[in-house]
Structure formats: structure tokens, C-alpha cells
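Spelled out from the first residue to the last, the chains are:
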Amino acid sequence: MATSTTISNTANLKKYLGLPQQGSVQAEYIWIDGTNGVRSKTRTLSKPPASVEDLPEWNFDGSSTAQAPGEDSDVYLRPVAIYPDPFRLGDNILVLCECWNGDGTPNKFNYRHECNKLMEQHKEHKPWFGLEQEYTLFDEFGAPYGWPKGGFPGPQGPYYCGVGTGKVYCRDVVEAHYRACLYAGVKISGINAEVLPSQWEFQVGPCEGIEMGDHLWIARYLLHRVAEEFGIKISFHPKPIPGDWNGSGLHTNFSTIEMREEGGMAHILSAIEKLAKRHKEHIAVYGDDNTLRLTGKHETGNIDAFSYGVADRGSSIRIPRSCSKEGYGYFEDRRPASNACPYQITGIMVETILSK
Ligand code: ADP
Ligand code: MN
Ligand code: MN
Ligand code: MN
């Protein structure tokens, strides 16, 4: 497949973005499609909305996004959250939407709806999440960004949290994304360069309940958007380069109010016992192609065997050393793949751990 090498002329765009909008607001409606990707389109509003309830429902052609058959293709967009737009600035907004079918049922790929019900049911436990989103950068020709043409870079070692030419790539994209997230009010808590050259991570959290999935999807949307301007492609594939190279995960840090208080370790251990019993069900929603990543090598646990340990990066679940010392805190589920849906992960965690 040939790829266009055209990169947006954002320097030219800038002078138009400074023109007055005459009171109108641009609202970018964002949704998750049927291929685990994000889509968006814009509409003009006559004034800034006071809340999400002020925003009109909208629709799109679901047969063009793998979300609906051609003969019944209307899918409805129901706004659920508003964020300041870091590209258009001013009163302009990003609008996260849920997808609904014409007959009033949630669209097949609307994982938020079910997740939100679970979060509502268990909200007295104040479930907190922190997701570590790993991803890899590719150039416009489809090669890992910055890798030598027709060859391989030196083995892993200097790249993780690396500094200096040949050790990190695309700090420009990563920094731009970080600031865009902060502007939009996404609860991004940090970034670091990863083990594989041209692989990075950003963390979002702690977020309570449904907010986790919302903020992570907006952060993914912003990353794709920012990368457009640099001619970079973002890959969330869990094993972007076969061989002796690290894969990408979506480590999920979790705690409830009981786990965060004195004596919390008992609650953490009982949660881990419950997770052990539903290992297969969790793996089923922890992302596609995860078998390529969860090999037991490269800081992962084996996909067929549940395990846990203190400070153990080769297990399914890691209890941080500090938490084990203090006797309360949180734990990390290291199984989810980088391409997993945060609504599915956080939903099943709450279901497994907090359902009676
Ligand atoms: P790692 O050491 O595995 O690389 P990171 O520092 O990258 O961990 O990410 C840890 C994540 O855990 C952050 O997103 C942070 O906000 C989140 N976190 C911290 N405390 C809690 C908690 N009590 N409950 C849930 N998540 C938490
Ligand atoms: Mn991390
Ligand atoms: Mn990492
Ligand atoms: Mn981690």
C-alpha cells in the first residue's frame, strides 16, 4: 500500500485560526469506531454550551466506520463529556460521544455504556485507575521512526528514559501531546521514553470510575491528531516489531478506598485471588494479539498462567514495593495490551473485584 507523504501545513493554518469566530463555537464530536480507532467530525454551535446536556445529538454513516450495515447505517452520537480544544483554542471544544443504534440500543462497539453501569453500581468503593499507555512511532513510509534504513538499531538498553541523539526519537511529538492533554484537562500524570527505540509511554490517572476510559480515549485522540502535524503514525500494536524487542502494554493500576487505607493489603490480596479465578475472561478483553506480547519474556507474565508478586515485572500482577512496605495502596495489572479498550479493562476489573 502506498502512503501519502503530505504533512499538514499548520504554520499557514495558524493565521486563520486567529480570525474572529463571530460568536460561533466549533464542536469536534469524537467517537470510537468499529476498528478500535477514533473518528471525529465538526459542527458549529451558536454559543458555548453550559453543560453536556446543551449539546445536540448527532449521527453519522456507520457503514463507513465498520459500525453498522449499509441498509441500516445511521448511528447516533450522544455527547457525554466536553474538553477544551487545544487545536482551535478559545471557546471551541472536543466532545466525547457514545454511539447508539437507530433502535435505541447501544452500538456493538459502545463499551462505555456497560462500563458506566458497573461504575455506578460500585461507586461507594471509589475505584481509582491509573493507565500506562505505551505506543510506538512510525514514519510516513511505515518504518519505525528513526530506525536505520534497511537495518536495526543497537540492542535495547540506552533507550528507556533515554536522553540524547540516537537514544530518543520524536520528543517534539511527545512534548506537544503532553501539553495538548494538559490544555484539554486530561489527567495525564507523566511521560517516559520506553525500552524499544521509538517507543514511548504516557500515564493517565488516578481517575475515578468512568473518567478513566474517557480521559484515556481523549489522550489517544490527541496523540493521533498531534502526530498528523509531524507526519508520524502512532501504533498501539502490542508487538510492533517481532523478535527481541519489547512489546507495548496498557498497565492498569487499581485501588479502592478500602485498599488505600490502613489494612488495605488484605483487600488487595483478596482482589488478586478473585482475579486469579477469572484470568481467561480478563485476557479475552485485554486486547488483540496479546499472545505475541505476553510470552513471559520482555518484562511480561505468560498469557496462560496467572501470577503475582511484589516488585515482580515478570508476573501478571505486581504489588509495588512501597505498597507492600506500608501495608496499603494499590496494585498493577500488567496483562492488558496497548490496544485494549480502557472501558473494557476498567469494567471487568470492577466486576470481578467488587461484585459479591
Ligand atoms: P510503573 O512504575 O509501573 O512504570 P507509572 O509511574 O508509569 O508506573 O504509573 C503508575 C500509575 O499509577 C500512574 O498513572 C498513577 O497515577 C497511578 N496510581 C498511583 N496511585 C494509584 C492508586 N492508589 N490507585 C490507582 N492508580 C494509582
Ligand atoms: Mn510506567
Ligand atoms: Mn512502561
Ligand atoms: Mn507499569
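Per chain, residue numbering runs from 1 following the sequence as it is written. Chain letters and ligand numbers both follow the written order, the letters beginning at A and the numbers at 1. The model is predicted, so local features are restricted to residues of pLDDT at least 70 and side-chain atom pairs to those at 80 or more, both for listing and for counting; the totals for chains, interfaces and linings are taken over all residues. Each side-chain value is derived from all of the structure's non-hydrogen atoms; neither hydrogens nor water enter the calculation.

J.: Give a detailed account of the coordination of the manganese ion (ligand 2), specifying residues and quantitative values.
T.: The donor definition counts N, O and S atoms within 2.8 Å of each metal and applies 3.2 Å to Na, K and Ca; water is not among these atoms, so some sites may look incomplete. Only Glu-132 (OE) and Glu-201 (OE) from the protein coordinate the manganese ion (ligand 2), and they sit 2.2 to 2.3 Å from it. A distance of 3.8 Å spans the gap from the manganese ion (ligand 2) to the manganese ion (ligand 3), which Glu-201 bridges by coordinating each metal. Placement of the pair is Glu-132 in strand S6 (residues 128-138) and Glu-201 in strand S8 (residues 199-208), with a sequence separation of 69 residues. Across this residue pair, the class does not change: Glu-132 and Glu-201 are buried. We count a stretch as a helix when DSSP gives it H or I for four or more residues in a row; a strand needs E for two or more, and each element gets its number in order from the N terminus. The buried label applies to any residue whose accessible area, calculated with a 1.4 Å probe on protein chains only, is under 20% of its type's maximum; exposed applies above 50%, and partly exposed to all values in between.

J.: So what's going on with the nonpolar core? Which residues, and what values?
T.: Tyr-135, Leu-222, Phe-331 and Ile-353 are the most contacted members of the largest nonpolar core, which has 64 residues in total. For this core, the element with the most residues is helix H4 (residues 211-228), which contributes 10 residues. Two residues form a contact once any of their heavy atoms are found within 4.5 Å. If we ignore the near neighbours within four places in the chain, the residues touching Leu-222 are Pro-86, Phe-87, Leu-94, His-177, Ala-180, Cys-181, Ala-184 and Val-186. Only buried residues count toward a nonpolar core. Its members are Ala, Val, Leu, Ile, Met, Phe, Trp, Tyr and Cys residues joined through side-chain atoms within 4.5 Å. Residues Val-25, Ala-27, Tyr-29 and Cys-99 belong to the second largest nonpolar core, which totals 15 residues.

J.: Could you give me a rundown of the pattern of salt bridges, with the residues and numbers involved?
T.: Each reported salt bridge corresponds to a side-chain nitrogen of Lys or Arg within 4 Å of a carboxyl oxygen of Asp or Glu. Applying the stated criterion to the full structure yields 15 salt bridges. Two residues, Asp-85 and Arg-88, come together in a salt bridge whose shortest N-O distance is 3.8 Å. Arg-112 is the salt-bridge partner of Glu-98, the closest N and O atoms lying 2.8 Å from each other. Taken as a pair, Glu-98 in strand S5 (residues 93-101) and Arg-112 in helix H2 (residues 111-121) lie far apart in primary sequence, 14 residues in all. Of the two residues, Glu-98 and Arg-112, neither departs from the other in class, the shared state being buried. Within the structure, one salt-bridge network assembled from shared partners comprises Glu-28, Asp-85 and Arg-88.

J.: For empty space enclosed by the protein, give the residues involved together with the corresponding values.
T.: Cavities and pockets were defined on a 1 Å grid built over protein atoms only: a cavity is a set of grid points that admits a 1.4 Å probe from which the probe cannot escape, a pocket is an open set flanked by protein on both sides within 12 Å along at least five of seven lines, and lining residues are those with an atom within 4 Å of any such point. Grid points are joined across faces, edges and corners, and a volume is the space filled by probe spheres set on the points. Going through the model one piece at a time under the given rule, you end up with 2 cavities of 30 Å³ or more. Reported here for the largest cavity is a volume of approximately 90 Å³. Along the walls of the largest cavity sit Trp-31, Ile-32, Gln-67, Leu-96, Cys-97, Glu-98, Cys-99, Phe-109, Asn-110, Tyr-111, Arg-112 and Tyr-343, which together make up its complete lining. Of all the secondary structure elements, the ones that give two or more residues to the lining of the largest cavity are strand S1 (25-32), S5 and H2. We call Asp, Glu, Lys and Arg charged. Ala, Val, Leu, Ile, Met, Phe, Trp, Tyr, Cys and Pro are nonpolar, and the rest, Gly among them, are polar. When grouped by side-chain class, the residues that make up the lining of the largest cavity number 8 nonpolar, 2 polar and 2 charged. Approximately 30 Å³ is the volume attributed to the second largest cavity. Around the second largest cavity sit Tyr-159, Lys-167, Val-168, Tyr-169, Ala-193, Glu-194, Leu-196, Pro-197, Ser-198, Gln-199 and Trp-200, which together line it. Residues of the lining of the second largest cavity, tallied by class, amount to 7 nonpolar, 2 polar and 2 charged.

J.: Hey, could you go over the coordination of the manganese ion (ligand 4) for me, with residue numbers and the actual values?
T.: Those protein atoms acting as donors to the manganese ion (ligand 4) are Glu-132 (OE), Glu-132 (OE), His-251 (ND1) and Glu-332 (OE), and they sit at 1.9 to 2.5 Å. Within one chain, the residues serving as donors to the manganese ion (ligand 4) are arranged as E-x118-H-x80-E. The distance between the manganese ion (ligand 4) and the manganese ion (ligand 2) comes to 3.9 Å, and Glu-132 binds to both of them. Separated by 81 residues along the polypeptide, His-251 in strand S10 (residues 250-255) and Glu-332 in strand S13 (residues 331-333) bring together distant segments of the chain.

J.: Could you give an account of the site of ligand 1, naming the residues involved and the relevant values?
T.: Inspection of the region around ligand 1 gives 17 residues, with Glu-132, Glu-201, Ser-255, Arg-318 and Glu-332 positioned closest. Any N or O atom pair separated by 3.5 Å or less is treated as a polar contact, with the protein-specific requirement of one donor-capable and one acceptor-capable atom, and with residues adjacent in sequence counted only for side-chain atom pairs. The separation between an oxygen atom of ligand 1 and a polar side-chain atom of Ser-189 is 3.4 Å. Between ligand 1 and Gly-205 there is a distance of 3.1 Å, counted from an oxygen atom to a backbone nitrogen or oxygen. Across the complex, the protein chains shield 74% of the 590 Å² of accessible surface that ligand 1 would expose by itself. For the shell around ligand 1, the secondary structure elements donating two or more residues are S6, S8 and S10. Considering every element that reaches the shell around ligand 1, the biggest residue donor is S8, with 5 residues. The nearness test applies per residue and asks whether one of its heavy atoms lies within 4 Å of the molecule or strand. What sets the accessible areas is the Shrake-Rupley method with a 1.4 Å probe; for residues, cover comes only from the shown protein chains.

J.: Kindly report on the UniProt feature "domain: GS catalytic" (unreviewed entry) in the protein, identifying the contributing residues and their values.
T.: Following the UniProt record, one finds the feature "domain: GS catalytic" (unreviewed entry) at residues 111-356. In this annotation, residues 111-356 is assigned 35% helix and 18% strand; the end-to-end C-alpha distance for the span is 22 Å. UniProt positions are given in the numbering used here, feature names are shortened, and annotations may be inferred rather than shown by experiment.

J.: Tell me what's going on with helix H9 (residues 342-354), and back it up with residues and numbers.
T.: Any helix carries an expected span of 1.5 Å times its number of residues minus one. Spanning 13 residues, H9 covers 18 Å between terminal C-alpha atoms, matching the ideal 18 Å at 1.5 Å per step. Counting buried residues along H9, 11 of its 13 residues qualify, which places the element largely inside the surrounding structure. Within the sequence span of H9, burial applies to Pro-342, Tyr-343, Ile-345, Thr-346, Gly-347, Ile-348, Met-349, Val-350, Thr-352, Ile-353 and Leu-354.

J.: Describe H2, naming the residues involved and giving the relevant values.
T.: Buried residues of H2: Arg-112, Cys-115, Leu-118 and Met-119, and no others. End-on, the buried residues of H2 take up no more than an arc of 125°, which puts them together on one face. Elements in contact with the buried residues of H2: strand S4 (74-84), S5, S6, H4 and H9. Capping the start of H2, Asn-110 holds a side-chain oxygen 3.3 Å from the backbone nitrogen of Arg-112, two or three residues further along. Each direction from the helix axis to a C-beta atom contributes to the arc, which is the arc of those directions.

J.: I'd like to hear about the sheet that holds S5, residue by residue, with values.
T.: Any two strands are treated as partners once DSSP identifies two or more bridges connecting them. Spatially, 5 strands are ordered S2-S1-S5-S4-S3 in an open sheet, and the strand pairing comes out mixed. The sheet is open, and its two edges are formed by strand S2 (38-45) and strand S3 (58-61), each paired on a single side. Each strand axis lies, on average, 40° off the axis of its neighbour in the sheet, ignoring direction. Every axis in this analysis is a line fitted to C-alpha atoms, fitted for helices over the stretch in contact. Angles between the N-to-C directions lie between 0 and 180 degrees.

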